[in-house]
Amino acid sequence: MKIAVIGTGYVGLVSGTCFAELGHHVTCIDTDKNKIEALKKGRIPIYEPDLEALVIQHAKNKRLSFTTQLKEGLQGAEIVFIAVGTPTNPKDGSADLSWIFQAARDIAPLIQKGAVVVTKSTVPVGTASRIRAVIYKTRKKKDVYVASNPEFLREGCAVLDFLQPDRVIIGVSSAKAEQKLRQLYLPITGRGIPLICTNTQTSELTKYAANGFLATKIAFINEMADICEKAKADVEVLAQGMGLDPRIGRTYLKPGPGFGGSCFPKDTRALQYIAENYGAKNHLIPAVIESNEERKFTMAKKIIAALGGNIKGKTIGILGLTFKANTDDMRESASLVIVPYLLKAGAVLKLFDPEGMDQAKSILKTGKDAQWCEDMDEALQKVDAAVILTEWQMFSTIDWRKMKKKMKQPIVVDMRNLFDRAMMAKQGITYHSVGREVATALLAPSK
Ligand code: UDX
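Heads up: these notes are all about the structure in this document. All figures in this text were calculated on a predicted structure; none of them were measured in a lab.

Overall, the coordinates contain 10 aromatic pairs when judged by the stated rule. Relative to Phe264, the ring of Tyr252 has its centre 6.2 Å away and its plane inclined at 65°; by these criteria the two rings are edge-to-face. Taken as a pair, Tyr252 in the loop between helix H11 (235–243) and helix H12 (264–277) and Phe264 in helix H12 lie far apart in primary sequence, 12 residues in all. Centre to centre, the rings of Phe297 and Tyr341 are 6.1 Å apart; their planes meet at 70°, and the pair counts as edge-to-face.

Take a look at the structure:
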């Protein structure tokens with residue numbers, strides 16, 4: 001099928017590229033000239049495993065092209081995806097839909113009769129109907145369709161999530177649109193992956209419900225971790241004990257410094273707004289938001305406590321700045337709260353992230369007390385403690401017996417529980433993790 005994707009941000013670029021991988025002909029459209037020029041040369045603006053290779057491959061075989069010209073890009077498109085940003089509106093926490101409606105107005109006069117316009121962006125319940133009204137008003141006729149098709153892509157494994165999803169959800173209000181979208185996803189559903197077809201409202205809300213629920217699971221396990229620490233219990237074993245019950249499930253029960261990223265924080269806020277807007281009583285989501293925001297500060301205080309309660313003049317190596325591993329994305333990362341907090345408390349920080357340094361430098365406001373390091377070794381030279389904020393694979397293989405020789409003090413604060421406590425103690429490290437007792441360095445020689 002011939003399809004167009006409006007917006008080459010994270011969602012648009014992954015979706016467009018993966019539709020090409022499924023065999024469709026895709027044009028990705030964006031107003032950002034520099035981005036489009038870079039994409040034409042096979043350079044992608046984000047760090048996402050496997051994506052660049054697919055972009056290059058399908059640009060070469062002419063199934064994937066990039067343009068800034070809307071008219072050219074929409075020519076012959078049977079399906080047009082809107083994948084522009086829906087950031088949080090700082091005034092009230094709602095999703096800001098101005099780019100969505102701008103896109104709807106722009107494409108309305110140019111799309112072909114019978115085309116299906118589909119929202120891929122996460123949009124509040126009721127948005128498809130509003131887009132429909134905008135397009136019909138502009139076209140002055142009702143000869144196209146509007147549908148919803150939320151994505152469930154995780155950064156860092158978005159290509160895999162797209163090509164091998166657990167389910168595909170489409171929201172439609174006409175049989176014609178349903179038929180087109182079923183045809184589009186046939187390469188996936190043909191492999192037995194379920195497609196749920198519903199109305200646009202249910203489809204739109206399902207995305208928020210899924211993200212809201214996953215965020216709730218994380219906030220829950222983080223609060224359990226706090227209880228575990230006080231009660232000398234082990235949150236990792238607890239999560240396993242809970243998660244092996246298939247009604248609960250093992251995933252999204254990993255305690256950490258608080259969830260971040262481009263979705264959970266934004267979507268929980270938007271869900272709260274949606275509930276309020278519809279006058280539906282909602283206790284859980286506001287509590288999850290508050291719990292998560294507070295957690296980032298609590299974790300900063302935990303680091304200070306691990307260093308004896310005063311970090312003035314102390315040097316701390318920070319490993320990992322992105323909101324999770326395998327991405328360069330810094331959006332709503334716990335580091336954005338923890339790093340300034342530690343600096344304000346008087347610490348000198350040595351910062352390192354394997355992929356997120358450029359993004360971090362552009363977002364984190366640091367002064368003379370923050371040093372940007374080339375590598376992990378530099379970040380841990382002569383530090384009073386090492387703090388792991390992101391679960392990058394390279395951190396989980398650190399040889400602490402060797403590494404501690406470079407450090408001033410063998411203290412590790414690990415917000416991702418990457419290590420076995422006993423093993424760390426054996427290596428001579430005083431190991432603070434999340435939801436587990438502190439493991440104190442054994443006095444035995446570390447040779
Ligand atoms: C999420 C959803 O998973 C995806 O379906 C949706 O489309 C977009 O939002 P993403 O933001 O890429 O994806 O990351 P995800 O892997 O879900 O993690 C989000 C945050 O939760 C990260 O900060 C991560 O560190 C944290 N997290 C996740 C935990 O703290 N514990 C967990 O068990 C899982």
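Tracing the chain through its elements places Ile131 in helix H6 (residues 127–139). Along the chain, Ile131 and Met403 lie 272 residues apart, while their C-alpha atoms are 56 Å from each other. In this structure, Ile131 is in contact with Ile100, Phe101, Ala104, Thr119 and Val146, ignoring residues within four places of it in sequence.

What follows is about the packing of helix H13 (residues 284–306) against helix H14 (residues 335–344). In the contact formed by H13 and H14, the axes pass within 9 Å of each other and the chain directions differ by 45°. Here H14 runs oblique to H13, going by the angle between their axes. Crossing hand, H13 versus H14: right-handed. Contacts from Lys296, Phe297, Met299, Ala300, Lys301, Ile303 and Ile304 of H13 reach H14 at Val337, Ile338, Tyr341 and Leu342.

Before going further, it helps to examine the side chain of Lys120. Along the polypeptide, Lys120 turns up in the loop between strand E5 (116–119) and H6. Although Lys120 lies buried, it forms no salt bridge, and the closest oppositely charged side chain, Glu151, sits 7.0 Å away as judged by the N-O distance. Here Asn149 takes part through its side chain, which lies 2.9 Å from a polar atom of the side chain of Lys120. Among the polar contacts made by the side chain of Lys120, one reaches the side chain of Tyr185 at a distance of 3.1 Å. Ignoring any residue separated from it by four or fewer positions in sequence, one finds Lys120 in contact with Val11, Ser15, Phe81, Ile82, Ala83, Asn149, Pro150, Glu151, Phe162 and Tyr185.

The rules behind these values
- Residues numbered from 1 in each chain as written.
- Predicted model: local features only at pLDDT ≥ 70, side-chain atom pairs only at ≥ 80, totals over all residues.
- Heavy atoms only, no water.
- Phe/Tyr/Trp six-rings, centres within 6.5 Å; stacked < 30°, edge-to-face > 60°.
- Helix = DSSP H or I, 4+ residues; strand = E, 2+ residues; numbered from the N terminus.
- Contact = heavy atoms within 4.5 Å.
- Axes fitted to C-alpha atoms, helices over the stretch in contact; angles between N-to-C directions.
- Parallel < 35°, antiparallel > 145°, perpendicular 65-115°, else oblique.
- Left-handed = near helix turned anticlockwise from the far one by under 90°.
- Buried < 20%, exposed > 50% of the residue type's maximum accessible area, 1.4 Å probe, protein only.
- Lys, Arg positive; Asp, Glu negative; His and termini not counted.
- Salt bridge = Lys/Arg side-chain N within 4 Å of Asp/Glu carboxyl O.
- Polar contact = N/O pair within 3.5 Å; in protein donor to acceptor, adjacent residues only side chain to side chain.

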